[in-house]
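# Per-entry structural report
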Amino acid sequence: MFEAINELIASTGLLSITIQEIIVITLSLVLIYLAVAKNYEPYLLIPIAFGMLLANLPLAGLMNPPTATENGGLLYYMYQGVSLGIFPPLIFLCLGAATDFGPLIANPKTLLLGGAAQFGIFAAFFGALALGMTPNESAAVGIIGGADGPTAIYLSSKLAEHILPTIAIAAYSYMALVPIIQPPIMRALTTKEERETVMTQTRPVSKKEKIIFPIVVTLFVSLLIPSATSLIGMLMLGNLIRESGVVPLLANTLENSMMYIVTILLGVSVGASADAATLLSLDTIKIVFLGLLAFMVGTASGVLMGKLMYKLTGGKINPLIGSAGVSAVPMAARVSQVEGIKANPDNYLLMHAMGPNVAGVIGSAIAAGILLSFFG
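Residues numbered from 1 in each chain as written. Predicted model: local features only at pLDDT ≥ 70, side-chain atom pairs only at ≥ 80, totals over all residues. Heavy atoms only, no water.

## A closer look at the environment of leucine 320
Counting through the fold element by element, leucine 320 comes out in the loop between helix 18 (282-312) and helix 19 (331-343). Overall, the relative accessible area of 0% leaves leucine 320 in the buried class. The sequence separation of leucine 320 and threonine 299 amounts to 21 residues, and the corresponding C-alpha distance is 9.9 Å. Leucine 320 has contacts with Met186, Thr190, Arg195, Ser336, Glu339, Gly340 and Leu349, leaving out every residue within four places of it along the chain. (Helix = DSSP H or I, 4+ residues; strand = E, 2+ residues; numbered from the N terminus. Buried < 20%, exposed > 50% of the residue type's maximum accessible area, 1.4 Å probe, protein only. Contact = heavy atoms within 4.5 Å.)

## Regarding a nonpolar patch on the surface
A contiguous nonpolar patch, built from Ile17, Ile19, Ile22, Ile23 and Leu280 and spanning about 420 Å² of accessible area, is present on the exposed surface. In this fold, leucine 280 is placed in the loop between helix 17 (276-279) and helix 18. (Patch = residues over 30% accessible without salt bridge, like charges linked within 9 Å, V, L, I, M, F, W, Y side chains within 5 Å. Areas by Shrake-Rupley, 256 points an atom, 1.4 Å probe, with all protein chains shown as cover. Salt bridge = Lys/Arg side-chain N within 4 Å of Asp/Glu carboxyl O.)

## With respect to the environment of serine 301
Topologically, serine 301 is positioned in helix 18. A sequence separation of 181 residues divides serine 301 from glycine 120, and the C-alpha atoms of the two residues are 7.5 Å apart. Setting aside residues no more than four positions away along its own chain, serine 301 makes contact with Ala116, Ala117 and Phe119.

## A few points about the packing of helix 10 (residues 149-159) against helix 20 (residues 350-375)
Between helix 10 and helix 20, whose axes approach to 10 Å, the crossing angle comes to 5°. The angle between the axes of helix 10 and helix 20 places the two elements in the roughly parallel class. Across from Thr151, Tyr154, Leu155, Lys158 and Leu159 in helix 10, the residues of helix 20 making contact are Ser364, Ala365, Ala368, Leu371, Leu372 and Phe375. (Axes fitted to C-alpha atoms, helices over the stretch in contact; angles between N-to-C directions. Parallel < 35°, antiparallel > 145°, perpendicular 65-115°, else oblique.)

## Quick look at helix 15 (residues 229-244)
Here helix 15 is 16 residues long and its end C-alpha atoms lie 21 Å apart, about the 22 Å a rise of 1.5 Å per residue gives. Taken together, the buried positions of helix 15 are Leu231, Ile232, Gly233, Leu235, Met236, Gly238, Asn239, Ile241, Glu243 and Ser244. Looking at the buried residues of helix 15, the elements they touch are helix 5 (87-97), helix 10, helix 14 (207-224), helix 16 (248-272) and helix 20. Looking one or two places after helix 15, you find glycine 245, whose phi comes out positive at around 75°. (Expected span 1.5 Å × (residues − 1).)

## Quick word on unusual backbone geometry
With a phi angle near 60°, asparagine 39 is a residue other than glycine that sits in the positive phi range. Turning to its location among the elements, asparagine 39 is positioned in the loop between helix 2 (19-37) and helix 3 (42-55). Residue classification places asparagine 39 among the exposed residues on the basis of a relative accessible area of 56%.

Written out as structure tokens, the structure is:
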């Protein structure tokens, strides 16, 4: 009887769990708390955190690869959507169906703000090299500065899959902290007069322009940077489905049901790859630090470009909208709006900030394509 009890205890995970696994499970519980109690990116942090919890449970074998005699674990097969680069482009397809490029089309100059904000990517890239990371790892870390989770996951899966979980968690954590990180930088780099600038209403954009835009962008970017086609192509396909107006059921499905389905599959899969050996390393500290640096530099670069445009246009551009160029749609645009209202109650910057905001999505995908063409 005692032997049977010993065998039963040995078959449980209680005696097999390691200190490292306990630490990662605890971290997953903290992330769940932040997502549920503090509303930090709950749609993705909940599945990522629970995937971490599941993958680090001893003897469960959910991430075990297949062998000659046994099939692999459930999460191993789900993770192939990340490893093979399937889930991030699908997220972009859904994102395109939910995005209105009208503000960018109405004011093409804001494309410069979205481009300037990508400087954070390259600042973190060179910073990672200086800290001894490989070029591939540095490129994967740098993309955090784009504040675009799917892009970060996509590039990491191609260049440095071993640090993908840390990059994903860092990217989405900083996206959730946009309202905390950005305002001090925005206020430090602008004057009261600049923040009070009221921007005039943008011109109306025709349906024809909105239909032509995704086609032109796909052709231009794909011919110039072929490695960016997966992300840009799917983003623009989703947008064409939205703007064509002839397939509303497809647009609604992409914007809602499919977006949530792919998001939970992507989140659980990324979380499941977060084993203790990956997270509890010196590289994790480097990635967290460099991710914050990338995000701050990206925000500052966008604001500084906004200041330059403010000067060149004779005070017609409010520099605050430059911070929205880091992507993080639409949260970064809302931060620009909030800061604008604080400076001037008559200031309405949301739609103006959406221009650089959606330009940032395009910019981060292009930056990822450039890095992939060099190091992929």
